[in-house]
Amino acid sequence: MAANTGTYLIQGAAVLGGDPADLLIRDGIIAEIGTGLSPAGQDKGAIVIDAAGLVALPGMVDVHTHLREPGREDAETVETGTRAAALGGYTAVHAMANSTPVADTAGVVEQVYTLGQAAGWVDVRPVGAVTVGLAGEQLAELGAMADSRARVRMFSDDGICVHDPVLMRRALEYVKAFDGVVAQHAQEPRLTAGAQMNEGDVSAVLGLTGWPAVAEESIIARDVLLAQHVGSRLHVCHVSTAGSVEIIRWAKERGIDVTAEVTPHHLLLTDDLVRSYDPVFKVNPPLRTDADVQALRAGLADGTIDVVGTDHAPHPSEHKECEWAQAAMGMTGLETALSVVQHAMIETGLMTWADFARVTSTTAARIGRLADQGRPIEAGEPANLILVDPAARWTVDPFQMATMGRNSPFKGRELPGKVVATFFRGHPTVLDGALNTPHPDSAATPVGAA
């Protein structure tokens, strides 16, 4: 393709899966939408992209990404993780706090924010820790992180539950001052001591310590009541059980301000895969039963579960290629999320592409308070959008991915749908399904440059 001019004409894209339309992008903004548009006047030099057969969607927003930097660059960096995000169709990600050092101060969240700006592939919004060092003993500098250049609005000890109800209440009360949200990793630690997988028939057969559903459900039940009591926002990370869906549905029916996410892997995979003892299927929360998978799909379809969050968790190979009991928990997800959701929700008839935009972009941006993300594909709106080929089929090969993590549970699977282009603030970070260049305002080195 020609060099970037800042003006692009996308022709024949099905906006949200509807009728084909042309989109003119100029200076980072969707300047015009219509039919039969052609380069003319000030737009005579526009780069034309033939999007026949492609679906145009708002850029995806991930509420739950582990970028590992600072401190764990052997697993992922902001650069590699955001390249993976762009290839997966994301234009914004929320970077979880369990880095080394923990993102529990203004200094650390500003470092992550600066790294994201320098990379230039997506917007990186750091998630601040709820407690100092994720230790669950005292609140972190929530206000300082909110007032920092990173403008943190989501706080989470993800990977560890804020299990002290008094501390959780104080966090919920504190974030109200700046319209923040506490994102809870719902896991009662005393019920999951030594747990290796979902508690059920498969764990009994394999002789592995079970992880009961009630360990998740009891924390969610407690926290929605705390959120109601103090009048604050609560977000529930990676919901995995049918019972959790019912509790969240109950809370929403009573007007409690709670949102929830489900991961792509919990929409598709079950604990039966653990019979292989392959540590790639070891994750927190664990893979559950088929009944749970169906309940999660139904909850996402009817709006009980608000968004899809990848919980992208790359690990060095030595942390996964070992005995099950010693293996780290976590799976990669940024580059497969769109395809898995298409397979689990769209191809099953549970959702449309417009619904997909709601659960992967619009609502996620609202939860994270990202004003320029998740916007409608309309004239005058920021040009954060993607083009998807829904008819494409591809086989997952973790060694061909941009992420440093090779721990994809979908390795060898054929999945539908492929991101053809990602536009980040009007600039194509991905073209023809491959990385192009970072946003020109960043300090990043273009792909392939020395």
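Note that the structure is predicted; figures quoted are calculated from it, not measured.

## Topic: the sheet that holds strand 7 (residues 90-95)
Strand order across the open sheet formed by three strands is 6-7-8, with parallel pairing between neighbours. Each having just a single partner strand, strand 6 (60-65) and strand 8 (123-126) make up the two edges of the open sheet. Strand-to-strand, the axes of this sheet are offset by a mean angle of 20°, without reference to chain direction. Strand direction decides the pairing type here: strand 7 and strand 8, joined by four bridges, are parallel. Residue pairing in the sheet places V93 in a bridge with V124 of strand 8. Helix 2 (residues 106-119) rests against strand 7 and strand 8 of the sheet, and its axis sits at about 175° to strand 8.

## A few points about the environment of H229
For H229, the position within the fold is in helix 6 (residues 213-230). Judged by relative accessible area, H229 falls into the exposed class, the value being 55%. Separated by 180 residues in sequence, H229 and P409 place their C-alpha atoms 39 Å apart.

## Considering the nonpolar core
Ranked by internal contacts, the top residues of the largest apolar core, which has 79 residues, are F155, L267 and L300. For L267, the residues in contact, after removing those within four places along its chain, are V262, V293, L296, R297, L300, V308, V341, A344 and M345. In this structure, A13, I49, L385 and L387 belong to the second largest nonpolar core, which totals 20 residues.

## Considering the sheet that holds strand 13 (residues 234-236)
Ordered by their spatial adjacency, five strands build an open sheet running 9-10-13-14-15, and the pairing between neighbours is parallel. Looking at the sheet topology across the chains shown, the edges are occupied by strand 9 (154-155) and strand 15 (307-308). Pairing of strand 14 (residues 258-262) with strand 15 involves two bridges; the strand directions are parallel. Residue pairing across strands places E261 opposite V307, the latter belonging to strand 15.

## Some points on helix 10 (residues 353-368)
Look at helix 10: 22 Å from first C-alpha to last across 16 residues, which is about the 22 Å you get at 1.5 Å a residue. Along its length, helix 10 reaches its greatest deviation from straightness, about 40°, at V359. Looking at helix 10, one finds that the buried residues are W353, F356, A357, V359, T360, S361, T363, A364, A365, I367 and G368. A positive backbone phi angle near 55° is found at R369, which sits one or two residues after helix 10.

## Details of the packing of aromatic side chains
Inspection of every chain in the model, using the stated rule, returns four aromatic pairs. Note on F155 and F178: the rings are 5.8 Å apart at their centroids and 55° apart in plane angle, and the pair reads as tilted. Remark: F178 occurs in the loop between helix 4 (165-175) and strand 10 (181-184) and F155 occurs in strand 9; sequence separation between them is 23 residues. Neither residue differs from the other here; F155 and F178 are each classed as buried. Each member of the aromatic cluster is reached from another via a ring pair, and the members are F155, Y174 and F178. Against the face of W394 rests K418, its NZ or CZ located 3.6 Å from the ring centre.

## Describing the side chain of H94
Here H94 lies in strand 7. Here H94 falls in the buried class, since its relative accessible area comes to 1%. Once residues within four sequence positions are removed from consideration, H94 is found in contact with V61, D62, V63, H64, T65, R125, V127, A364, G368 and L370.

## Quick notes on the pattern of salt bridges
Inspection of the entire model under this criterion finds 17 salt bridges. Across the pair R169 and E173 runs a salt bridge whose closest N-O atoms are separated by 3.1 Å. Placement of both R169 and E173 in helix 4 is noted, with a separation of four residues, approximately one turn of the helix. Here R169 falls in the partly exposed class, since its relative accessible area comes to 36%. Between R275 and D272 there is a salt bridge, with its nearest N and O atoms 2.5 Å apart. Residue D272 is classed as partly exposed on the basis of its relative accessible area, which comes to 41%. One network of salt bridges, in which partners are shared, links D179, R233 and R369.

## Considerations on the environment of P39
Among the secondary structure elements, P39 is positioned in the loop between strand 3 (29-34) and strand 4 (47-50). Non-local contacts of P39, meaning those with residues more than four positions away in its chain, are made with L9, K44, A46 and V48.

## Some thoughts on a negative patch on the surface
Judged by side-chain charge, E73, D74, E318 and E321 come together as a negatively charged surface patch. Its place among the elements puts D74 in the loop between strand 6 and helix 1 (78-87). In this structure D74 comes out as partly exposed when scored by relative accessible area, which is 48%.

Quick notes on the rules
- Residues numbered from 1 in each chain as written.
- Predicted model: local features only at pLDDT ≥ 70, side-chain atom pairs only at ≥ 80, totals over all residues.
- Heavy atoms only, no water.
- Pairing = 2+ DSSP bridges.
- Helix = DSSP H or I, 4+ residues; strand = E, 2+ residues; numbered from the N terminus.
- Axes fitted to C-alpha atoms, helices over the stretch in contact; angles between N-to-C directions.
- Contact = heavy atoms within 4.5 Å.
- Buried < 20%, exposed > 50% of the residue type's maximum accessible area, 1.4 Å probe, protein only.
- Core = buried A, V, L, I, M, F, W, Y, C linked by side-chain atoms within 4.5 Å.
- Expected span 1.5 Å × (residues − 1).
- Bend = angle between axes of the 7 residues up to and from the residue.
- Phe/Tyr/Trp six-rings, centres within 6.5 Å; stacked < 30°, edge-to-face > 60°.
- Lys NZ or Arg CZ within 6 Å of the ring centre and 35° of its normal.
- Salt bridge = Lys/Arg side-chain N within 4 Å of Asp/Glu carboxyl O.
- Patch = residues over 30% accessible without salt bridge, like charges linked within 9 Å, V, L, I, M, F, W, Y side chains within 5 Å.
- Areas by Shrake-Rupley, 256 points an atom, 1.4 Å probe, with all protein chains shown as cover.
- Lys, Arg positive; Asp, Glu negative; His and termini not counted.
- Charge placed at Lys NZ, Arg CZ, Asp CG, Glu CD.

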